[in-house]
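Spelled out, the chains give:
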Amino acid sequence: MEKRNQNNKRIAITGPESTGKTVMSEYLAVHFQGLWVPEYAREYVCQLDRHYLYDDLETIARKQIGQYEAMKASRLVFFDTWLVITKVWFDWAYGKVPAFVEDAILECPIDLYLLLKPDLPWEADPARENGGENRIRLYERYKAELDQYGFQYKEVGGIGEERLTNACREINDFLK
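Here the structure is a predicted model, which is why all the values come from computation and not from measurement. (Residues numbered from 1 in each chain as written. Predicted model: local features only at pLDDT ≥ 70, side-chain atom pairs only at ≥ 80, totals over all residues. Heavy atoms only, no water.)

(A) Main features of the overall build of the protein. A tally of regular secondary structure across the protein gives seven helices and five strands. Across the protein, helices and strands are ordered from the amino to the carboxyl terminus as β-α-β-α-α-β-α-α-β-α-β-α. In terms of overall size, the protein behaves like a compact globule, its C-alpha atoms giving a radius of gyration of 15 Å where 176 residues would be expected to give roughly 16 Å. Taken along the three principal axes of its C-alpha coordinates, the protein extends 45 × 40 × 30 Å. Taking all 176 residues of the protein together, the buried fraction comes to 49%. In the protein, once contacts between residues fewer than 6 apart in sequence are set aside, the share between residues at least 24 apart is 77%. With the model as given, the accessible surface of the protein reaches about 8,800 Å², and the carbon-plus-sulfur share is 49%. Of the side-chain charges in the protein, 23 are positive and 29 negative, and the distance between the mean point of each set is 4 Å. (Helix = DSSP H or I, 4+ residues; strand = E, 2+ residues; numbered from the N terminus. Rg over C-alpha atoms; globule rule 2.2 N^0.38 Å. Buried < 20%, exposed > 50% of the residue type's maximum accessible area, 1.4 Å probe, protein only. Contact = heavy atoms within 4.5 Å. Areas by Shrake-Rupley, 256 points an atom, 1.4 Å probe, with all protein chains shown as cover. Lys, Arg positive; Asp, Glu negative; His and termini not counted. Charge placed at Lys NZ, Arg CZ, Asp CG, Glu CD.)

Here it is in structure tokens:
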């Protein structure tokens, strides 16, 4: 992976299912006049006529890496989910993680993660499978991964406008 311009900033919105990652990342991209990278996993999984397989997760991870590479020259980019979620998803569903995912997490740096708290009501949809207690467990797994890597992150909670305001405050502080 090539080095990118250090003036360019990469922000990933992460957290368990149904915490508003898509709404948040798209809102922040518009608010801060950055680029938005939508979640590829949802698009991919919703097009399958079967349950996803290990190979499908590899396809998703490689696409995420490609999305990152395509945005290298952009000044400010907001990712709706990132490889940390994909890594946990591999481990959660299959008990193993391909080495290329670990490598890419380190080689494709994210400058700030916003870890969205599971304080919004869980809403079922065809791509979601981990409500209830699993959502809390996954939140803790994502947080542990960010801590393990030593990545900079901020936890963001709140309902409605409060959640968006809290996220904007964290981004403003980060960009100062």
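(B) Structural context of empty space enclosed by the protein. Counted by the stated rule, this structure contains one cavity of 30 Å³ or more. Here the largest cavity defines a volume of roughly 40 Å³. Along its surface, the largest cavity is lined by Val37, Pro38, Tyr40, Gln64, Gln67, Phe79, Asp80, Thr81 and Trp82. (1 Å grid on protein atoms, 1.4 Å probe; cavity = no way out; pocket = protein on both sides within 12 Å on 5 of 7 lines; lining within 4 Å. Points joined across faces, edges and corners; volume = space filled by probe spheres on them.)

(C) Highlighting helix α3 (residues 54-70). For α3, with 17 residues, the first-to-last C-alpha span of 25 Å sits near the 24 Å given by 1.5 Å per residue. Of the surrounding secondary structure, the elements contacted by the buried residues of α3 are β1 (9-14), β2 (35-37), α2 (40-47), β3 (76-80), α4 (83-94) and α5 (99-107). (Expected span 1.5 Å × (residues − 1).)

(D) Just the packing of α4 against α5, in detail. Remark: α4 packs on α5, axes separated minimally by 10 Å, with the N-to-C direction vectors making an angle of 160°. Regarding the angle of α4 to α5, the classification is roughly antiparallel. The way α4 lies across α5 gives a crossing that is left-handed. Between α4, through Leu83, Val84, Lys87 and Phe90, and α5, the contact on the second element is made entirely by Val101, Glu102, Ala104 and Ile105. A per-class count over the contact of α4 with α5 returns six nonpolar, no polar and two charged. (Axes fitted to C-alpha atoms, helices over the stretch in contact; angles between N-to-C directions. Parallel < 35°, antiparallel > 145°, perpendicular 65-115°, else oblique. Left-handed = near helix turned anticlockwise from the far one by under 90°. Nonpolar A, V, L, I, M, F, W, Y, C, P; charged D, E, K, R; others polar.)

(E) Region of interest: the side chain of Lys72. Tracing the backbone shows Lys72 in the loop between α3 and β3. When its relative accessible area of 11% is taken as the criterion, Lys72 is described as buried.

(F) Region of the structure containing the sheet that holds strand β5 (residues 153-156). Spatial ordering of the open sheet is given by β2-β3-β1-β4-β5, a layout of five strands whose pairing is parallel. The strands lining the two open edges of the sheet, one partner per strand, are β2 and β5. Sheet twist, expressed as the mean angle between neighbouring strand axes with direction ignored, is 20°. Pairing of β2 with β3, which is carried by three bridges, proceeds in the parallel orientation. Each residue of the ladder has a partner; that of Leu35, found in β3, is Val77. The strands that helix α7 (residues 161-175) touches are β1, β3, β4 (112-116) and β5; relative to β4, the one it contacts most, it runs at about 160°. (Pairing = 2+ DSSP bridges.)

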